[in-house]
Amino acid sequence: MSALFSPKMQKNHFRFVFAVCAFLIFVLLFHGMGNWIDRIVESKMSYMQKNLVDVKTLQDTIQLQVVAPLKGEIDRLNLKVRTNAKPFERVARLNIDQRKRILVTGGAGFVGSHLVDVLMKQGHEVTVVDNFFTGRKRNIDHWIGHPNFELINHDVTLPIYLEVNEIYHLASPASPPHYMYNPIKTVKCNTIGTINMLGLASRLKAKFLFASTSEIYGGFLQHHGNLEIV
């Protein structure tokens, strides 16, 4: 063998064999690494798919056991509210040009509540302002909740800012016992309260009606003694 190949040729042959072996080893390693990478990727994909399935299962469980029962309960309560709600009296349907926005001060009183009934049945939007000094909420509670009705607990001696077309100013104690119980409040209601309502009417250019009792003219017999009560 040494006679056929010179030392130089033997050295080159050894290098060639070494290079071939190194190449084959590299190919084998590369192929094995590729398989290893494929297995890792496949494992990760399988894990992710399993998690996605778990999330979907969790969503379905929540929808079935939590959301659906809650939705059913809400629908049941809504139905109960609708069926148990007291019906409102029949009101006229007016278009927007005919429907007025009307403020009634003292609308929870005897006269005011009857006026509110008439205006509501006519189809107008009615706002009642009352501090319940003499008025009672039960006089108008049959309209509470109606879309055309609004109740505001407010003292007319304090300014209030609303948007209305007409004002019916009935806010005042309307009997001598109430006058004597708090005369200062009565005077303030009829002076400061009226000034506030007149200012609101002036700003809005709204129609204004001021109602009062005959006591403002003094004793009935003093001024109307020659009249017969019919």
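Structure: above.
First things first, this report covers the structure right here in the doc. (Residues numbered from 1 in each chain as written. Predicted model: local features only at pLDDT ≥ 70, side-chain atom pairs only at ≥ 80, totals over all residues. Heavy atoms only, no water.)

## A few points about the overall build of the chain
Broken down by element type, the chain carries five helices and five strands. Element order for the chain, N to C, with α for helix and β for strand: α-β-α-β-β-β-α-α-β-α. By residue count, 23% of the 230 residues in the chain fall in the buried class. Counting contacts in the chain only where the partners sit at least 6 residues apart, residues at least 24 apart contribute 68% of the total. Split by element, the accessible area of the chain, about 17400 Å² in all, is 64% carbon and sulfur. (Helix = DSSP H or I, 4+ residues; strand = E, 2+ residues; numbered from the N terminus. Buried < 20%, exposed > 50% of the residue type's maximum accessible area, 1.4 Å probe, protein only. Contact = heavy atoms within 4.5 Å. Areas by Shrake-Rupley, 256 points an atom, 1.4 Å probe, with all protein chains shown as cover.)

## A short note on the pattern of salt bridges
In the structure shown here, the tally under the stated rule is five salt bridges. Of the charged contacts, one joins Lys121 and Glu89 as a salt bridge, the two residues approaching to 3.0 Å between their closest N and O atoms. Taken together, the residues Lys121 in helix 2 (residues 110-121) and Glu89 in the loop between helix 1 (7-84) and strand 1 (101-105) connect sequence positions 32 residues apart. Overall, the relative accessible area of 39% leaves Lys121 in the partly exposed class. You can call Glu89 partly exposed: its relative accessible area is 36%. A salt bridge links Lys185 to Asp155, with the nearest nitrogen and oxygen atoms 3.3 Å apart. Placement of the pair is Lys185 in helix 4 (residues 183-204) and Asp155 in the loop between strand 3 (149-153) and strand 4 (166-169), with a sequence separation of 30 residues. (Salt bridge = Lys/Arg side-chain N within 4 Å of Asp/Glu carboxyl O.)

## Description of the nonpolar core
In this structure, Leu103, Val129, Leu162 and Ile167 are the most contacted members of the largest nonpolar core, which totals 15 residues. It is helix 4 that contributes the most residues to this core, five residues altogether. Those residues in contact with Ile167 that lie beyond four places of it in its chain are Leu103, Met197, Leu200, Ala201, Lys207, Phe208 and Leu209. Membership of the second largest hydrophobic core comes to 13 residues, among which are Ile102, Met120, Val126 and Phe149. (Core = buried A, V, L, I, M, F, W, Y, C linked by side-chain atoms within 4.5 Å.)

## Section: the side chain of Glu166
For Glu166, the location among the structural elements is in strand 4. At a separation of 3.2 Å, a polar atom in the side chain of Glu166 contacts the side chain of Tyr168. What Glu166 contacts, discounting residues up to four positions off in sequence, is Lys100, Arg101, Ile102, Leu103, Ala206 and Lys207. (Polar contact = N/O pair within 3.5 Å; in protein donor to acceptor, adjacent residues only side chain to side chain.)

## Quick look at the side chain of His154
Its location among the elements puts His154 in the loop between strand 3 and strand 4. Using a relative accessible area of 16% as the deciding quantity, one classes His154 as buried. The residues contacting His154, other than those within four sequence positions of it, are Val129, Asp130, Asn131, Pro159 and Ile160.

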